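# Structural overview for review
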Amino acid sequence: MWFRNARVFRFTKPFDISAEELEEKLSGDAFKPCGPQETTRQGWVPPLGKHGEQLVHSANGYHLIALRKEEKILPGPVIKDAVEDKAEAIEIEQGRKVRRKEKDEIKEQVMLEMLPQAFSRNRRSFAYIAPKDGVLVVDAGSAKQAEDLASTLRKSLGSLPVRPPVVKQAPAFTFTGWLNESIDLPGKVVLGDECELKDPSEDGGVVRCKGLNLKADEIRNHLEAGMEVTKLALTWDDNVSFILDEELGIRRLKFGETLQDQLDDVDVDDAVAKFDAAFTLMTLELSKLIPGLLEAMGGEDRSAIIEE
C-alpha cells in the first residue's frame with residue numbers, strides 16, 4: 001500500500017468522527033454497479049479489496065478509504081456509425097433529410113440501446129484521513145480527481161470542512177529562490193533533475209527540463225530572463241522522492257529503500273498484515289513530509305483553522 005501521489009486537504013475544524021461512525025456513514029453510499037441504462041456510478045469499497053469487507057481500514061489512528069468509479073465505455077466511432085446508419089435508413093424510407101436535432105435524438109436512442117452491452121471501466125481512488133495531523137490525503141494525480149473524492153466524502157458525511165493548505169509565500173517564489181540561490185535550500189531537501197519553468201507574462205511560454213543539473217547555466221539563464229519555477233523534482237530526507245507543483249500537489253511519489261527494507265523486515269505471510277505494515281510506514285513518513293514541506297514553503301497560514 002504505497003500512494004503514487006498525494007493531494008493534501010487541511011481540516012479547518014478538528015475531525016472528530018470515529019472509525020465506527022465513519023464506517024456507518026460510508027455504508028450509505030457503498031458502491032453498486034451501474035444499472036442497464038446508467039453510464040457511470042461511484043461509491044465506497046473496502047480498501048483491502050478481496051481481503052476485507054470493512055469500508056474503513058484503520059491503523060495507528062489513520063483511516064484508509066477507497067472510492068470506486070464505474071464508467072460504461074461506448075466508443076465514439078461505433079456510436080457515430082450507428083447513428084449514420086439509422087439516419088440514412090430514415091432518409092431512404094421517408095424521402096427526407098434528417099436534421100441535426102433529430103440526429104441528436106437518434107444518438108441518445110443508440111446509446112441507450114448499447115449501454116447494456118457496453119464494457120465497463122473501473123477505477124479505485126484511495127485516501128486516508130489523519131485526524132491527529134488534521135489532513136485528508138488523496139492518492140490522485142490531478143486536483144480534479146482529488147476534489148471529486150473529497151466531494152463524495154462530504155456528501156457521505158454531511159459535512160467536510162477541508163481546504164487545500166495555504167502557505168505564507170507563493171510556492172513558485174520559493175522554488176525559484178531555491179534554484180537561483182536567493183533562498184536557502186532546507187537541510188532535508190535535495191534537488192532532483194526535473195523542473196518546469198513558466199514565463200509569468202500573459203502569453204508566456206513553458207520550458208520543461210528533465211535529466212539536467214538544475215543549477216546548470218541553461219536553467220540559470222531562463223531564471224535571469226524572468227521565468228519562474230512551477231514544478232520541481234525533490235528528495236526529502238533521503239526517504240521519499242517526488243514532483244512538487246505550485247498547487248502543492250505531490251506526484252510520482254517513490255519511497256526509498258530504507259522504508260522498503262523496514263517492510264521486508266516485517267516477518268508475516270498474511271496479506272492483510274503486510275498491507276497494514278506498509279500503510280503504517282507510509283502514513284508515518286507522510287506525517288513528517290507534509291508539515292516539513294509546508295514549513296519549507298515559508299510556513300503554513302493557519303489563520304482560518306480552528307484549533308482543537
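The structure we're discussing is the one just above.
These numbers come from a predicted model, not from an experiment. (Residues numbered from 1 in each chain as written. Predicted model: local features only at pLDDT ≥ 70, side-chain atom pairs only at ≥ 80, totals over all residues. Heavy atoms only, no water.)

Here we take up helix H2 (residues 76-94). Given a rise of 1.5 Å per residue, 19 residues ought to cover 27 Å, and the 27 Å separating the end C-alpha atoms of H2 matches this to within 8%. Ile79, Ala82, Val83, Ala87 and Ile90 are the residues of H2 that are buried. All buried residues of H2 project into a common sector of 130° when viewed along the axis, lining one side. Summarising the geometry of H2, the exposed residues directed more than 90 degrees from the buried face are Pro77, Asp85 and Ile92. Buried-residue contacts for H2 involve helix H3 (100-114). Gly95 lies just past H2 and shows a positive phi near 65°. (Helix = DSSP H or I, 4+ residues; strand = E, 2+ residues; numbered from the N terminus. Expected span 1.5 Å × (residues − 1). Buried < 20%, exposed > 50% of the residue type's maximum accessible area, 1.4 Å probe, protein only. Arc of directions from axis to C-beta. Contact = heavy atoms within 4.5 Å.)

Moving on to the nonpolar core. Nonpolar side chains in soluble globular proteins generally cluster together in the buried interior. Ranked by size, the top nonpolar core spans 50 residues in total, and within it Tyr128, Leu232 and Phe242 carry the most contacts. Considering each element in turn, this core owes the most residues, 9 residues, to helix H8 (residues 271-296). Taken domain by domain, the makeup of this core includes at least three residues from each of domain 1 (7-72 + 119-163) and domain 3 (169-298). Excluding residues that lie within four positions of it along the chain, Phe242 makes contacts with Leu232, Ala233, Leu234, Trp236, Ile250, Arg251, Arg252, Leu253, Leu289 and Leu293. Counting 23 residues, the second largest nonpolar core, distinct from the first, contains Phe11, Leu22, Leu67 and Leu153. (Core = buried A, V, L, I, M, F, W, Y, C linked by side-chain atoms within 4.5 Å. Domains from an automatic or database assignment.)

On to the sheet that holds strand E10 (residues 228-236), then. Within the open sheet, the 5 strands sit side by side as E9-E8-E10-E11-E12. Their pairing is antiparallel. Of all the strands in the sheet, the pair left with one neighbour each is strand E9 (206-210) and strand E12 (250-255). Recorded for the sheet is a direction-independent mean angle of 15° between the axes of neighbouring strands. The pairing of strand E8 (residues 189-198) with E9 spans 5 bridges and is classified as antiparallel. By the bridge assignment, Cys195 is partnered in E9 with Cys209. (Pairing = 2+ DSSP bridges. Axes fitted to C-alpha atoms, helices over the stretch in contact; angles between N-to-C directions.)

Time to look at the pattern of salt bridges. One pass over the full model with this rule turns up 18 salt bridges. We note a salt bridge from Lys103 to Glu84, for which the minimum N-O separation is 3.4 Å. Of this pair, Lys103 sits in helix H3 while Glu84 sits in helix H2, placing them 19 residues apart in sequence. Overall, Glu84 belongs to the partly exposed group, its relative accessible area being 34%. The closest approach of N and O atoms between Glu181 and Lys215, which form a salt bridge, is 3.1 Å. You can see Glu181 sitting in the loop between helix H5 (171-180) and E8 and its partner Lys215 sitting in the loop between E9 and helix H6 (217-224), a full 34 residues away along the chain. (Salt bridge = Lys/Arg side-chain N within 4 Å of Asp/Glu carboxyl O.)

For the structure shown, the criterion picks out 0 disulfides. Between Cys209, a free cysteine, and Cys195, which holds the nearest cysteine sulfur, the sulfur-to-sulfur gap is 4.1 Å. Overall, the relative accessible area of 9% leaves Cys209 in the buried class. (Disulfide = S-S within 2.5 Å.)

A word on unusual backbone geometry. Even without glycine at this site, Asn60 takes up a positive phi of about 55°. Positive phi, normally seen in glycine, also occurs at Arg252, with a value near 55°. Looking at the secondary structure, you find Arg252 in strand E12. With relative accessibility at 41%, the residue Arg252 sits in the partly exposed group.

Attention shifts here to the side chain of Asp245. In this structure, Asp245 sits in strand E11 (residues 240-245). Relative accessible area serves as the criterion here: at 7%, Asp245 is assigned to the buried category. A polar contact is formed between the side chain of Asp245 and the backbone nitrogen of Glu247, at a distance of 2.8 Å. Residues within four places of Asp245 in sequence aside, it is in contact with Arg7, Phe175, Thr230 and Lys231. (Polar contact = N/O pair within 3.5 Å; in protein donor to acceptor, adjacent residues only side chain to side chain.)

Here the focus is empty space enclosed by the protein. For the coordinates displayed, the defined rule picks out 1 cavity of 30 Å³ or more. Volume-wise, the largest cavity comes out at about 100 Å³. In terms of lining, the largest cavity is formed by Val8, Pro165, Leu244, Leu248, Ile250, Ile290, Leu293, Leu294 and Met297. Among the elements that make up the lining of the largest cavity, the one with the highest residue count is H8 (3 residues). Broken down by class, the residue content of the lining of the largest cavity amounts to 9 nonpolar, no polar and no charged. (1 Å grid on protein atoms, 1.4 Å probe; cavity = no way out; pocket = protein on both sides within 12 Å on 5 of 7 lines; lining within 4 Å. Points joined across faces, edges and corners; volume = space filled by probe spheres on them. Nonpolar A, V, L, I, M, F, W, Y, C, P; charged D, E, K, R; others polar.)

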